[in-house]
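One-letter residues, chain by chain:
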Amino acid sequence: MAVITDDYSANTSASSRPVLDPTLPTLYSTRMSPYCQRVRLLLNAKEIPFQVVNINIWDKPKWFLGVTPLNKVPTAVEPNGRVTFESLIMAQYLDEEYRAGTKQFLPSDPYAKARELLQIERIIAIVADPIRDASLESK
Ligand SMILES: N[C@@H](CCC(=O)N[C@@H](CS)C(=O)NCC(=O)O)C(=O)O
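Residues numbered from 1 in each chain as written. Predicted model: local features only at pLDDT ≥ 70, side-chain atom pairs only at ≥ 80, totals over all residues.

Per an unreviewed UniProt entry, the protein is named Glutathione S-transferase omega-1, and its organism is Hypsibius exemplaris. Here the protein is described in UniProt, under the heading Sequence similarities (unreviewed entry), as follows: "Belongs to the GST superfamily. Omega family." (UniProt positions renumbered as here; feature names shortened; annotations may be inferred.)

As structure tokens, this is what we get:
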């Protein structure tokens, strides 16, 4: 389950990096982001313990660029130093990397996996993208 450090539970633009537990994966996230929620849902469903640092994406802390080259959330940093970003790729990687004792979401058969990923792409194109576009147009 997610451990959200008290000082950083709100979106942060703090100039100093938070003190983190080096034994846990860290998810750099932000509130109200469907991309971040995608990764959080997966980690929670797989019952992988992780900690969250919420980033203020409108006023990003300078140190965050040192965490991830795209300067975007979600970004995950594992205790072994691996850094991943792009929520769909992260979700697929984390699902496959953290197999032992966790629920597996994507099938291991390559064709079955491709079909699942195609369905995800279709749902994004048909449902998620139009909702995002409509919400941006209404601003
Ligand atoms: N395609 C990326 C999109 C990530 C993204 O756009 N993240 C936004 C927050 S929802 C962000 O970090 N924006 C800050 C910026 O673009 O500078 C994914 O699926 O992870």
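Further notes follow.
## Quick word on the environment of Phe50
Mapping Phe50 onto the fold places it in strand S3 (residues 50–54). Since 23 C-beta atoms lie within 10 Å of it, Phe50 is described here as buried. On a C-alpha basis, the gap between Phe50 and Leu24 in space is 5.4 Å, while along the polypeptide they are 26 residues apart. (Helix = DSSP H or I, 4+ residues; strand = E, 2+ residues; numbered from the N terminus. Buried ≥ 20, exposed ≤ 12 C-beta atoms within 10 Å, placed from the backbone.)

## What about the site of the ligand?
As a structural note, the neighbourhood of the ligand is formed by Thr30, Ser33, Tyr35, Ile57, Asn71, Lys72, Val73, Pro74, Glu86, Ser87 and Leu88. Tallied by class, the residues present in the shell around the ligand amount to 5 nonpolar, 4 polar and 2 charged. (Near = placed C-beta within 6 Å. Nonpolar A, V, L, I, M, F, W, Y, C, P; charged D, E, K, R; others polar.)

## Observations concerning the confidence of the model for the protein
Mean pLDDT for the protein: 88, with 89% of residues reaching 70 or above. Mean pLDDT values for the elements of the protein range from 49 in strand S1 (residues 2–4) up to 98 in strand S5 (residues 83–85). In the model, residues 5–9 has pLDDT below 50 throughout and makes 8 contacts with residues more than four positions away in sequence or in other chains. (pLDDT = per-residue confidence, 0-100. Contact = placed C-beta atoms within 7 Å.)

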